[in-house]
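An overview of the molecular structure
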Amino acid sequence: MKIFFLFTFSTFFWSPFEQAAASVHYDKILTHSRIRARDQGQNVCALQQVMGTKKKYFSTCRNWYQGAICGKKATVLYECCPGYMKMDGMRGCPAVAPIDHVYGTLGIVGATSTQQYSDISKLREELEGRGSFTFFAPSSEAWEQLDSEIHRNLIDNVNIELYNALHHHMVNKRMLTKDLKNGMTLVSMYNDQKLLINHYPNGVVTVNCARVIYGNQIATNGVVHVIDRVLTAVGNTIQDFIEVEDDLSSLRAAAITSDVLDILGKPGHYTLFAPTNEAFERLPRGLLERIMGDKVASEALVKFHILNTLQCSEAITGGAAYETLEGNTVEVGCDGESLTVNGVKMVKRKDIVTSNGVIHLIDEVLIPDSAKQVIELGGAQQTTFTDLMIQLGLASSLRPEGQYTLLVPLNGAFSDDTLRMDQRRLKTILQNHIINVKVGLNELYNGQELETIGGKLLRVFLYRTAVCIENSCMVRGSKEGRNGFIHILRQIINPAEKTLHEMLRNDKRFSVFLSLVKAADLDDVLSQPGKWTLFVPTNDAFKSLTDDDKDILIRDKNALRNILLYHLTQGVFIGSGFEPGVTNILKTIQGGKLYLKTVNDTLLVNELKSRESDLMATNGVIHVIDKLLYPADLPVGNDQLLTILKKLIKYIQIKFVRGSAFKEIPLTFYKPIIKTYTKIIDGRPVEVTEKKVTEERIIQGPEIKYTRITAGGSDNEEKLKKLLEDEVTKVTKFIEGDGHLLEDEEIKRLLQGAGTEYTKVTKVIEGEPQIIEREIKKVHLEAPVRKEQPTRRTQGGTARRRTRLAYP
């Protein structure tokens, strides 16, 4: 009874103080194991045992809820927690384990082989004597797994070899698991040999990569930790091992070339995944020669195999990412007894422990992105693009010393129709995905323009959760290679070619909407440079609109502008740039709000589905809808207009407030592009006004040329005449009634009082005119700079402007 009390007192004497300080991972995992087993009685711990093996773990939450370790199913075991034992007829583990000297404790924890070898090697007397020891005791299974030749040599020379081997497992002070800090080096009792301690976040504690499977068994003269393998002496560095290992001669050559080998000879805690010679032989010869001939690439290659942390195989119970000396990460995991790197079983030999780390031999060479050419960065989801680049000869044009950015669509972006295109056209498409400079993801900004090798300018649009280039938004996976970046995109990029106005004019689906835009004098808004998002209803939205209804709508210009400008918002908003499922509020030019969100890759505008989105224009983007939009909070005060709107809009209730009027929206929200500067011509300063004007050509049917002159302003008659005289044969001027033709002799009179701009239109006036080409040109109108002299005006002031087509 006294002995039992002594044992109890001793255990409880240790426990409060040790547990109070136990703030490290092993103790925390052990606590969780006790909690999981609380239904089994007091002092019971839950463990997981890998099926088909004897390997048992106090598990992390991740492994516990997965029911697996290293991808292998694990069964649950309930055992007495370290330091406790069962009693007959009682539930759980109510008794503390008896406390004894280190030799006796070896028997208590089941390390009977170690106990036996301690006896025959004459170490027993020391283990029973005075002192404070830590014994990392190999389990009986660990001795069975020891190399048979080494095992036999130990047994044959018990007084020296075996005695020294056991001393190598001992430290001359007591060290509990809480004292075993990660990265610590202990000195063993044999020849001051080093013992490398690692204490991992998953609760695994290792000594020279042997795992502590049963820790903290207190003895009267120390503590015993049972480990899963027999420790061998560690003397050499990783560099020493590489220099003498014949199977690593290729790695040795690469490490010397890149000046990395010396790093592996310095103190540290490294992990080296060392490719064998066979692994290097599997690489394409051209690839290996290119990397080895480039010191930067070869250094990146070697450093990509080195971790700045020591990762023993027994500590890896699931996948995790580890940073390499190269700067990027590798995924190290396990599959049963095998280690995996980036998901691939490639480790041939594990846990070669050195004085400054551990080596795992692998049968594949790991090539980091930083050592690859940009065309080699594509993954399994980008093979269509890379294959086409090779087939069309574009890959070979990317020089190793060049600087590129590839905008690579996913495989699914290439439809069968695209792949069946003429190769010249397909090559042009691909050229518009290649930028001739390196642009990283963190260098992109909203409004940026990127010039492709095809000569197109691509615009960058930056949103809260997305980066888009023209119509296509990026997905995760941007990478940097030796000569460039690669960014992964959802769709093929379609560079904008036309303005919003041109796109509406060239698509018959939008003819009604375009006619209303023209009636509201909004043509210029959609023609001028800018950044707009336009929601365009198709003709289907106006099916119920009669000609009389249209006339009524057009006559109320304020109402018409309010309705149309509710479809226009400042800024370019790509549908796939919106965060899915989240409502985005946009303020329109009309002043009302639009509510946008994407659901299942479909853009919703005020809960209406966009039938086609992301039609890119040089001055914005179009999203096609099949209903007219109207602000729900905008009242109508006119009965006729209310009737018309109710025909067109049935998805909301339109407010009616008699007498209310639509506000006037002046066209001050955009500015035409006009530049004024002074030039010296013939020694005189001349003020030049530069304005973009449009030229439209119709080339179909018999061609009769005429030029329409829009006059109004000051002088400059001769200059305008000079600009026109090479092309003009006949001139039509519309004032009132029918137009009449003027001969060349009359041009001078016509140009009297011409202003600072003109619009030239060449048209066919037989049959129905059809515009098929439209250009924007810069016109320079020059006038001498005069000081303190009023501007001359033509007689009668500014001429009236009214134009129409004339037929002979």
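Above this text you will find the structure in question.
What counts, and where the lines are drawn
Every chain is numbered on its own, with residues counted from 1 as its sequence reads. It should be noted that, the model being predicted, local features are given only for residues of pLDDT at least 70 and side-chain atom pairs only at 80 or more, the latter also being counted only at that level, while totals for whole chains, interfaces and linings use all residues. Neither water nor hydrogens contribute to the side-chain values; these are computed over all heavy atoms in the structure. Any cysteine sulfur atom paired with another within 2.5 Å is treated as part of a disulfide. Put simply, DSSP marks the helices as runs of H or I at least four residues long and the strands as runs of E at least two long, and each gets a number from the N terminus on. Relative accessible area decides the class of each residue, using a 1.4 Å probe on protein chains only: under 20% of the type maximum gives buried, over 50% gives exposed, and in between gives partly exposed. Between N or O atoms, a polar contact is any pair within 3.5 Å; within protein, one atom must be a potential hydrogen donor and the other a potential acceptor, and residues adjacent in sequence are included only when both atoms are from side chains. A pairing counts as a salt bridge when a side-chain nitrogen of Lys or Arg comes within 4 Å of a carboxyl oxygen of Asp or Glu. The contact definition used throughout considers only heavy atoms, calling two residues in contact when any of these lie within 4.5 Å. Two strands form a pair only when DSSP identifies at least two bridges running between them. Here an axis means a line fitted to C-alpha atoms, over the contact stretch when the element is a helix, while the angle between two N-to-C directions is reported on a 0 to 180 degree scale. Note: crossing handedness is left-handed where the near helix turns anticlockwise from the far helix by less than a right angle, and right-handed where it turns clockwise. Here the nonpolar group is Ala, Val, Leu, Ile, Met, Phe, Trp, Tyr, Cys and Pro; Asp, Glu, Lys and Arg are the charged ones; every other residue, Gly included, is treated as polar. Directions are taken from the helix axis to each C-beta atom, and the arc is the one they span. Definition of nonpolar core: a set of buried residues of the types Ala, Val, Leu, Ile, Met, Phe, Trp, Tyr and Cys, connected through side-chain atoms within 4.5 Å.

**Structural notes on the state of the cysteines**
Taken as a whole and judged by the stated rule, the model has 5 disulfides. Each sulfur of the disulfide joining Cys-209 and Cys-312 lies 2.1 Å from the other. Taking the sign of the S-S torsion, -75° for the link of Cys-209 and Cys-312, the bridge is left-handed. With a gap of 103 residues between them, Cys-209 in the loop between strand E11 (205-207) and strand E12 (210-219) and Cys-312 in the loop between strand E15 (306-307) and strand E16 (320-323) connect regions that are remote in the sequence. There is no split in this pair, since Cys-209 and Cys-312 are both buried. Once the bonded cysteines of the protein are numbered in order along the sequence, the disulfide links fall as 1-4, 2-8, 3-5, 6-7, 9-10.

**Things to note about the environment of Ser-396**
Its place among the elements puts Ser-396 in the loop between helix H15 (383-391) and strand E22 (404-409). Put simply, Ser-396 and Ile-375 are 21 residues apart on the chain and 9.4 Å apart in space, counted from C-alpha to C-alpha. In terms of polar contacts, Ser-396 uses its side chain to reach the backbone carbonyl oxygen of Gly-393, at 3.1 Å.

**Quick word on the pattern of salt bridges**
The full count for this structure, using the stated rule, is 34 salt bridges. Two residues, Lys-303 and Glu-299, come together in a salt bridge whose shortest N-O distance is 2.9 Å. Taken together, the residues span about one helical turn, with Lys-303 and Glu-299 both in helix H14 (residues 295-303) at a distance of 4 residues. When the shortest N-O distance is used, the salt bridge between Arg-611 and Asp-626 registers 2.9 Å. Here Arg-611 is found in strand E34 (residues 608-617), whereas its partner Asp-626 is found in the loop between strand E35 (620-625) and helix H23 (639-648), with 15 residues between them in sequence. Here Arg-611 falls in the exposed class, since its relative accessible area comes to 56%. Linked by salt bridges that have partners in common, Lys-55, Arg-211, Asp-228, Arg-229, Glu-314, Glu-337 and Asp-351 make up one network.

**Looking at the environment of Val-44**
Positionally, Val-44 belongs in strand E1 (residues 44-50). With relative accessibility at 5%, the residue Val-44 sits in the buried group. Separated by 36 residues in the primary sequence, Val-44 and Cys-80 have C-alpha atoms spaced 4.6 Å apart. In contact with Val-44, other than residues within four places in its own chain, are Ser-33, Arg-34, Ala-37, Tyr-78, Glu-79, Cys-81, Gly-92 and Cys-93.

**Here we look at the sheet that holds strand E17 (residues 329-335)**
Ordered in space as E16-E17-E18-E19, the 4 strands form an open sheet in which the pairing is antiparallel. The open sheet terminates on both sides in strands that have one partner only, identified here as E16 and strand E19 (344-345).

**With respect to the packing of helix H19 (residues 511-519) against helix H21 (residues 547-555)**
Two packed helices can be described by the angle between their axes and the distance between those axes. The contact between H19 and H21 brings their axes to 10 Å, and the two run at 35°. The crossing of H19 and H21 is right-handed. Counting all contacts with H19, which are made through Ser-515, Leu-516 and Ala-519, the residues of H21 involved are Lys-550, Leu-553 and Ile-554. A breakdown of the residues in the contact of H19 with H21 according to their chemical character gives 4 nonpolar, 1 polar and 1 charged.

**Points about helix H17 (residues 423-431)**
Among the residues making up H17, those that are buried are Leu-426, Ile-429 and Leu-430. Projected onto a plane normal to the axis of H17, the buried residues spread over an arc of 95° and lie on a single side. More than 90 degrees from the buried face of H17, the exposed residues found are Arg-424 and Arg-425. Capping the start of H17, Asp-422 holds a side-chain oxygen 3.0 Å from the backbone nitrogen of Arg-424, two or three residues further along.

**Remarks on the pairing of strand E4 (residues 72-80)**
Note: E1 against E4, 7 bridges, orientation antiparallel. Looking across to E4, one finds that Cys-45 is bridged to Glu-79. Two successive antiparallel strands, strand E3 (residues 68-69) and E4, enclose a turn made up of 2 residues, where Cys-70 displays a positive phi of approximately 55°.

**Points about the nonpolar core**
Among the nonpolar cores identified, the biggest contains 45 residues, and Leu-504, Ile-622 and Tyr-630 are the most heavily contacted of them. Setting aside residues no more than four positions away along its own chain, Ile-622 makes contact with Leu-500, Met-503, Leu-504, Leu-534, Val-536, Glu-612, Ser-613, Asp-614 and Leu-615.

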